[in-house]
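Examination of the molecular architecture
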Amino acid sequence: MKLKFTKMHGAGNDFVVIDAINQQVNLSPAQWKQIADRRFGIGADQILVVERPTTAGVDFRYRIFNSDGGEVEQCGNGARAFVKFVVDQGLTEQREIRVETMSGIIAPRLEDDGRITVDMGAPVAETDRVPFDSAGLQPRHVGNAELWPLEIDGKRTEVAVLSMGNPHAVQVVADVDHAPVAVDGPLIENHPRFPRRVNAGFMQVVNRNQIRLRVFERGAGETLACGTGACAAVVAGIAMGLLDSPVAVATRGGELSIAWQGDGEPVMLTGPAVSVFEGSIDI
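Within every chain, residues take consecutive numbers counted from 1 along the sequence as written. Whole-chain, interface and lining totals are the exception, using all residues; otherwise, since this is a predicted model, local features are given only for residues with pLDDT of at least 70 and side-chain atom pairs are given and counted only at 80 or more. Side-chain measures were taken over the full set of non-hydrogen atoms in the model, leaving aside hydrogen atoms and water.

1. As for empty space enclosed by the protein
A probe matching the size of a water molecule, rolled over the atoms, marks out where space remains unfilled. Counted only if it meets this: Definitions used for this entry: grid spacing 1 Å over protein atoms alone; cavity, a set of points where a 1.4 Å probe fits but cannot get out; pocket, an open set with protein on both sides within 12 Å along at least 5 of 7 lines; lining residue, one with an atom within 4 Å of a point. Grid points are joined across faces, edges and corners, and a volume is the space filled by probe spheres set on the points. Residue polarity follows a fixed list, in which Ala, Val, Leu, Ile, Met, Phe, Trp, Tyr, Cys and Pro are nonpolar, Asp, Glu, Lys and Arg are charged, and the others, Gly among them, are polar. The helix count covers DSSP runs of H or I at least four residues long, the strand count covers runs of E at least two residues long, and both are numbered beginning at the N terminus.
Counting across every chain of the model gives 2 cavities of 30 Å³ or more. Roughly 100 Å³ of internal volume is contained in the largest cavity. Lining the largest cavity are 14 residues, and of these Gln-46, Gln-74, Asn-166, Asn-199 and Glu-217 sit closest to its centre. Partitioning the lining of the largest cavity into residue classes produces 3 nonpolar, 9 polar and 2 charged. One number sums up the size of the second largest cavity: a volume of about 40 Å³. Along its surface, the second largest cavity is lined by Leu-213, Arg-214, Val-215, Thr-223, Leu-224, Ala-225, Cys-226, Thr-251 and Arg-252. If you tally residues by element for the lining of the second largest cavity, the top one is strand S14 (residues 210-217), at 3 residues. Its residues assigned to classes, the lining of the second largest cavity shows 5 nonpolar, 2 polar and 2 charged.

Okay, structure coming up:
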């Protein structure tokens, strides 16, 4: 079949966005992986699919496929690209929409300056909901955060474990440029303590309102930016007493802004979304 698509990115985290309202889309994991392949397909960290909603009071359904072909619960940078896409394509006249995902409802809003703000919902710290197998482990308490010990390739590290609709393990490092992202990232991603795998974040605190961040994403590898990873890192940093909201998050692909007012409150993610080109692919 021939599929129309739009190539987009949010701070360098790149996407193939597909309208499944005006064309039929029913692909296998192998076909999603082929589309995301940078040599034999279009190339993307994630593929975003726009569908009609299945829930009352919601404008669209938002599905996310990683570059390994697997479907995942959430993607913050993708949510910004999603709202820009549906506005640019004339699928809605609203500047703020409600979108259903595998992990719940989110509400992205197109701002007057062209950036997009997404209400990502409240973070989840209960280990069984992340999910994280904490059996037999004792966390170290830092501020209001729990840091859990992990054995990684024979050495011990500590991570804050939480969910932003998808699982994250965040650790503080002295310098992200020299952090072992390529080595430890896949080991954390596939650690047996995370039954659904995990996104591994490496956070350097610059000051109380600024961090530098690298994320090894579950099913995609290191990306230039990770929206939910930025949210998770800021929540962890605030809980540890290291940061104050709002926080500027410098990624390798650009800057994101994260605001969080504390337990039970939603995390607000603001950043850019850019359309690069449109095309079609035989798949």
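2. Considerations on a nonpolar patch on the surface
Put simply, the test is: Without a salt bridge and with relative accessible area above 30%, a residue can belong to a patch; like charges are then joined within 9 Å and nonpolar side chains (Val, Leu, Ile, Met, Phe, Trp, Tyr) within 5 Å. The protein chains shown are the only cover counted for residues, whose accessible areas, like all others here, come from Shrake-Rupley with a 1.4 Å probe. Salt bridge, as used here: a side-chain nitrogen of Lys or Arg that lies within 4 Å of a carboxyl oxygen of Asp or Glu. Here the term buried applies to any residue with accessible area under 20% of the maximum for its type, exposed to any over 50%, and partly exposed to those in between, with areas from a 1.4 Å probe on protein chains only.
Residues Val-274, Val-276 and Phe-277 make up a contiguous nonpolar surface patch of roughly 230 Å² in combined accessible area. In this structure, Val-274 sits in strand S19 (residues 274-282). The class of Val-274 is partly exposed, set by a relative accessible area of 34%.

3. Things to note about unusual backbone geometry
Cis geometry is found at the peptide bond from Val-130 to Pro-131, where omega equals 0 degrees. Along the chain, Pro-131 turns up in the loop between strand S8 (116-119) and strand S9 (140-142). Here Ser-245 and Pro-246 are connected by a cis peptide whose omega angle stands at 0 degrees. Here the phi dihedral of Asp-153 falls at roughly 50 degrees; this positive angle occurs in a residue that is not glycine. Here Asp-153 lies in the loop between strand S10 (145-152) and strand S11 (155-163). Residue Asp-153 is classed as exposed on the basis of its relative accessible area of 62%. Phi at Arg-197 takes a positive value of approximately 65 degrees, unusual for a residue other than glycine. As for its placement among the helices and strands, Arg-197 is situated in the loop between helix H3 (181-189) and strand S13 (199-207). For Arg-197, a relative accessible area of 29% puts it in the partly exposed group.

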